[in-house]
Amino acid sequence: EPEVTQTPSHQVTQMGQEVILRCVPISNHLYFYWYRQILGQKVEFLVSFYNNEISEKSEIFDDQFSVERPDGSNFTLKIRSTKLEDSAMYFCASTQKEKQLFGPGTRLTVL
Amino acid sequence: GDSVTQMEGPVTLSEEAFLTINCTYTATGYPSLFWYVQYPGEGLQLLLKATKADDKGSNKGFEATYRKETTSFHLEKGSVQVSDSAVYFCALSETGGYQKVTFGIGTKLQVIP
């Protein structure tokens, strides 16, 4: 079965640095999402993306965050200036109909 | 807004025991309901789903029935195995197929031999 892939699996960065998390959604899917899971907490929605624009975003998704689909396959989440509280597992997902499939996640550690 | 409430756990069971993880939801419309599983060190995998009232989702011996009257979607398995040890998330998305998924807190299950 096709899978959503994410790179890197683990990213360590210094506070204030920019990070880009990468995802390759399933090729015929049209909707893409980012979620995050702070350690020990629930998985939270960040943003959804369709037709090259944001379709919905949460309160968490402030001006420090941006998403992009730079080519036909990648879907990226950029955090412009990381904060300690951005440390979390970030999951990418894509969906065609009612089955939203998730990638394995990128663990972001901000020091 | 939409929300999902589930027992926090951890839940510790002996192998072959019966499992129930309770889940209730609040939603404005008629959501689809899901159970996702996260094995140690891995991502989120869709375990089962139900899209309308009275539907039963099932997979790998796990079952859950969409109960609109009690707004519940409890996960059950008749006989758990050590390999079922994982975190289980109840979740919903609003009707339409492309909506975001709203998750519960997750319930950690540990099955001991």
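Shown above is the structure to which this text applies.
Residues numbered from 1 in each chain as written. Chains lettered and ligands numbered in written order. Predicted model: local features only at pLDDT ≥ 70, side-chain atom pairs only at ≥ 80, totals over all residues. Heavy atoms only, no water.

## Some words on the overall build of chain A
Assigned secondary structure in chain A consists of zero helices and eleven strands. Going from N to C terminus, chain A has its helices and strands arranged as β-β-β-β-β-β-β-β-β-β-β. Compactness check: chain A gives a C-alpha radius of gyration of 13 Å against a globular reference of 13 Å for 111 residues, within 12% of the reference. Taken over 111 residues, chain A has a buried fraction of 45%. Look at the contacts in chain A between residues 6 or more apart in sequence, and 54% of them connect residues 24 or more apart. Accessible surface, chain A as shown: approximately 5700 Å² in total, 46% of it carbon and sulfur. (Helix = DSSP H or I, 4+ residues; strand = E, 2+ residues; numbered from the N terminus. Rg over C-alpha atoms; globule rule 2.2 N^0.38 Å. Buried < 20%, exposed > 50% of the residue type's maximum accessible area, 1.4 Å probe, protein only. Contact = heavy atoms within 4.5 Å. Areas by Shrake-Rupley, 256 points an atom, 1.4 Å probe, with all protein chains shown as cover.)

## Re the nonpolar core
The biggest cluster of nonpolar side chains holds 26 residues, and the ones touching the most others in it are B:Trp35, B:Leu47, B:Leu48, B:Phe73, B:Leu75 and B:Tyr88. Elements with a contribution of two residues or more to this core: β2 (11-14), β3 (19-21), β4 (23-26), β5 (32-38), β6 (44-50), β8 (62-65), β10 (86-93) and β12 (107-112) of chain B. Among the elements that make up this core, the one with the highest residue count is β10(B) (four residues). In contact with B:Tyr88, other than residues within four places in its own chain, are B:Gln6, B:Ile21, B:Trp35, B:Tyr36, B:Val37, B:Leu47, B:Phe62, B:Leu75, B:Gly106, B:Thr107 and B:Leu109. Counting 23 residues, the second largest nonpolar core, distinct from the first, contains A:Val4, A:Leu46, A:Phe61 and A:Cys92. (Core = buried A, V, L, I, M, F, W, Y, C linked by side-chain atoms within 4.5 Å.)

## Some remarks on the environment of A:Thr7
All names here are of chain A. Structurally, Thr 7 is set in strand β1 (residues 5-7). For Thr 7, a relative accessible area of 48% translates into the label partly exposed. For the pair formed by Thr 7 and Arg 80, sequence separation is 73 residues and the distance between their alpha carbons is 18 Å. Residues within four places of Thr 7 in sequence aside, it is in contact with Leu 21, Arg 22 and Thr 106.

## A few points about the interface of chain B and chain A
Between chain B and chain A, the residue contacts involve 20 residues of the former and 19 residues of the latter. Here chain B and chain A share an interface that buries about 1700 Å² over both sides, 58% of which is from carbon and sulfur atoms. For the chain B face of the interface with chain A, the top three residues by lost area are B:Leu44, B:Tyr98 and B:Lys100, together amounting to 36%. At the junction of chain B with chain A, the criterion picks out one salt bridge. (Buried area = accessible area lost by both parts, 1.4 Å probe. Salt bridge = Lys/Arg side-chain N within 4 Å of Asp/Glu carboxyl O.)

## Observations concerning unusual backbone geometry
Backbone torsion omega between A:Thr7 and A:Pro8 reads -10 degrees, so that peptide bond is classified as cis. Structurally, the position occupied by A:Pro8 is in the loop between β1 and β2 (10-13). The omega angle of the peptide bond from B:Gly9 to B:Pro10 is 5 degrees, so this bond is cis rather than trans. Assignment of secondary structure puts B:Pro10 in the loop between β1 (3-6) and β2. For B:Asp54, which is not glycine, the phi torsion reads 75 degrees and is therefore positive. As for its placement among the helices and strands, B:Asp54 is situated in the loop between β6 and β7 (56-59). Accessibility expressed as a relative area gives 54% for B:Asp54, which makes it exposed. In this model, B:Lys60 sits at a positive phi of 55 degrees, which is unusual for a non-glycine residue. Inspection of the secondary structure assignment puts B:Lys60 in the loop between β7 and β8.

## Details of the pattern of salt bridges
Pairing between side chains becomes possible if they bear opposite charge and their charged atoms approach one another. Residues and elements named next belong to chain B. Applying the stated criterion across every chain yields a total of five salt bridges over all chains. A salt bridge links Asp 55 to Lys 52, with the nearest nitrogen and oxygen atoms 3.3 Å apart. Lys 56 is the partner of Glu 63 in a salt bridge, and the nearest nitrogen-oxygen pair spans 3.6 Å.

## Here's the deal with the sheet that holds strand β9 (residues 75-77) of chain B
All names here are of chain B. The strand order across the open sheet built from four strands is β3-β9-β8-β7, with neighbouring strands paired in antiparallel fashion. Each edge of the open sheet is held by one strand with a lone partner, namely β3 and β7. Pairwise comparison of adjacent strand axes, ignoring direction, gives a mean angle of 15 degrees for this sheet. Here three bridges tie β8 to β9, and the two strands are oriented antiparallel to one another. Bridge pairing in β9 links Phe 62 to Lys 77. (Pairing = 2+ DSSP bridges. Axes fitted to C-alpha atoms, helices over the stretch in contact; angles between N-to-C directions.)

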